[in-house]
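What follows is the residue order along each chain.
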Amino acid sequence: KNQVEQSPQSLIILEGKNCTLQCNYTVSPFSNLRWYKQDTGRGPVSLTIMTFSENTKSNGRYTATLDADTKQSSLHITASQLSDSASYICVVSARDAGNMLTFGGGTRLMVKP
Amino acid sequence: EAQVTQNPRYLITVTGKKLTVTCSQNMNHEYMSWYRQDPGLGLRQIYYSMNVEVTDKGDVPEGYKVSRKEKRNFPLILESPSPNQTSLYFCASMTGQYSPLHFGNGTRLTVT
């Protein structure tokens, strides 16, 4: 069964600090991995999409890495801001014609002043 | 503006009273899907549609119906809502396997 596990479940950091969120997956055959940011009560918003051949991708202060061999990804947030407080969801897409997306449970990040 | 529009944003209803949550996208996306989100459980897929007249069950389809008669619309139907369907629902769409999923702003449903 395809699974996506995220860690930690929650994280509190001080404004200005960096942090790294983890995502491990067992989705096969792998197509791509996505990171989404979800503000409380709102729909998730896409941050990055990485395919098998991409090791890293940045979107402003967000940098995602992918190790397809170990089936791990990380999302690094640099110089955190209060507006980074949100849930971050890892989603892995499988290369088949059926149900393509497997969602992780998310990491809830709180940035404190 | 490219968007996924869900209606209503909030809905309170009683057990057994049929309801429909509408979802419309203006991006000509082929793929559309519905999710529910409950505290501690993350997003769980209810149904998805790869194209017009093509729908399939997700992880938690029991108690829900969908239809895809035209590309832009993908309504979620609860024939006989029950309190365990109280949740936050999201509709989403995307062009294809390598494109981002665009989410609506959600519908908060309460069934009493």
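In this report, we go over the structure that sits alongside the text. (Residues numbered from 1 in each chain as written. Chains lettered and ligands numbered in written order. Predicted model: local features only at pLDDT ≥ 70, side-chain atom pairs only at ≥ 80, totals over all residues. Heavy atoms only, no water.)

**Examining the overall build of chain B**
Scanning chain B from terminus to terminus reveals zero helices and 11 strands. Seen through its C-alpha atoms, chain B measures out along the principal axes to roughly 40 × 30 × 25 Å. Within chain B, buried positions represent 49% of all 112 residues. When contacts within chain B are restricted to residue pairs at least 6 apart in sequence, long-range pairs at least 24 apart make up 52% of them. Taken as a whole, chain B presents about 5,400 Å² of accessible surface, with 50% of it coming from carbon and sulfur. When the 12 basic and 9 acidic side-chain charges of chain B are each reduced to a single mean position, those positions are 6 Å apart. (Helix = DSSP H or I, 4+ residues; strand = E, 2+ residues; numbered from the N terminus. Buried < 20%, exposed > 50% of the residue type's maximum accessible area, 1.4 Å probe, protein only. Contact = heavy atoms within 4.5 Å. Areas by Shrake-Rupley, 256 points an atom, 1.4 Å probe, with all protein chains shown as cover. Lys, Arg positive; Asp, Glu negative; His and termini not counted. Charge placed at Lys NZ, Arg CZ, Asp CG, Glu CD.)

**Here's the deal with the side chain of B:Gln25**
All names here are of chain B. Of note, glutamine 25 is situated in strand S3 (residues 19–25). Of note is the side chain of glutamine 25, whose polar atom sits 3.1 Å from the backbone nitrogen of asparagine 28. Separated by 3.2 Å, the side chain of glutamine 25 and the backbone oxygen of lysine 71 make a polar contact. Beyond its immediate chain neighbours, meaning those up to four positions away, glutamine 25 contacts Gln3, Val4, Met32, Arg68, Lys71, Arg72 and Ser93. (Polar contact = N/O pair within 3.5 Å; in protein donor to acceptor, adjacent residues only side chain to side chain.)

**A look at the sheet that holds strand S3 (residues 19–25) of chain A**
Backbone hydrogen bonds hold the strands of a sheet together, and the pairing may be parallel or antiparallel. All names here are of chain A. With antiparallel pairing, five strands are arranged side by side in an open sheet as S1-S3-S8-S7-S6. Only two strands of the sheet have a single partner each, and these edge strands are strand S1 (4–7) and strand S6 (56–59). When the angles between neighbouring strand axes are averaged without regard to direction, this sheet yields 15°. (Pairing = 2+ DSSP bridges. Axes fitted to C-alpha atoms, helices over the stretch in contact; angles between N-to-C directions.)

**Some words on the packing of aromatic side chains**
Within a pair of aromatic rings, the relevant descriptors are the distance that separates the centres and the angle that separates the planes. Considering all chains together, one arrives at eight aromatic pairs over all chains under this definition. Taking the centre distance of 5.9 Å and the plane angle of 85° together, the rings of A:Tyr36 and B:Phe103 count as edge-to-face. Note that A:Tyr36 is positioned in strand S4 (residues 30–38) and B:Phe103 in strand S10 (residues 102–103), a pairing that runs across two chains. Each of the two residues, A:Tyr36 as well as B:Phe103, counts as buried. Considering the side-chain rings of B:Tyr64 and B:Tyr89, the 5.9 Å spacing of their centres and the 65° angle between planes classify their relative orientation as edge-to-face. Here B:Tyr89 lies in strand S9 (residues 87–94) and B:Tyr64 lies in the loop between strand S6 (54–57) and strand S7 (65–66), a separation of 25 residues in the sequence. On the accessibility criterion, B:Tyr64 (5% relative accessible area) is buried. The ring of A:Tyr62 has A:Arg61 lying over it, and the distance from NZ or CZ to the ring centre is 5.7 Å. In this arrangement the basic side chain of B:Arg68 is found over the ring face of B:Phe74, its NZ or CZ atom lying 6.0 Å from the centre. (Phe/Tyr/Trp six-rings, centres within 6.5 Å; stacked < 30°, edge-to-face > 60°. Lys NZ or Arg CZ within 6 Å of the ring centre and 35° of its normal.)

**A word on the state of the cysteines**
This model, assessed by the stated rule, comprises two disulfides over all chains. A sulfur-sulfur distance of 2.0 Å marks the disulfide that ties A:Cys23 to A:Cys90. Handedness of the A:Cys23-A:Cys90 disulfide follows from its S-S torsion of about -65°: it is left-handed. Here A:Cys90 lies in strand S9 (residues 86–94) and A:Cys23 lies in strand S3, a separation of 67 residues in the sequence. In this pair, the class of A:Cys23 matches that of A:Cys90, namely buried. Each disulfide pairs two cysteine sulfurs, and for B:Cys23 the partner residue is B:Cys91, the sulfurs being separated by 1.8 Å. On the sign convention where negative means left-handed, the S-S torsion of about -75° between B:Cys23 and B:Cys91 marks this disulfide as left-handed. One end of the pair, B:Cys23, is in strand S3; the other, B:Cys91, is in strand S9, and 68 residues separate them in sequence. No disulfide involves A:Cys19; its nearest neighbouring cysteine sulfur is the one of A:Cys90, lying 15 Å away. (Disulfide = S-S within 2.5 Å.)

**Quick notes on the pattern of salt bridges**
Residue and element names in this part refer to chain B. Using the criterion set out here, one finds six salt bridges over all chains in the structure. For aspartate 38, the salt bridge goes to arginine 44, with nearest N and O atoms at 2.8 Å. Accessibility expressed as a relative area gives 11% for aspartate 38, which makes it buried. Taken together, the shared-partner salt bridges in this structure form one network comprising Lys18, Lys65 and Glu79. (Salt bridge = Lys/Arg side-chain N within 4 Å of Asp/Glu carboxyl O.)

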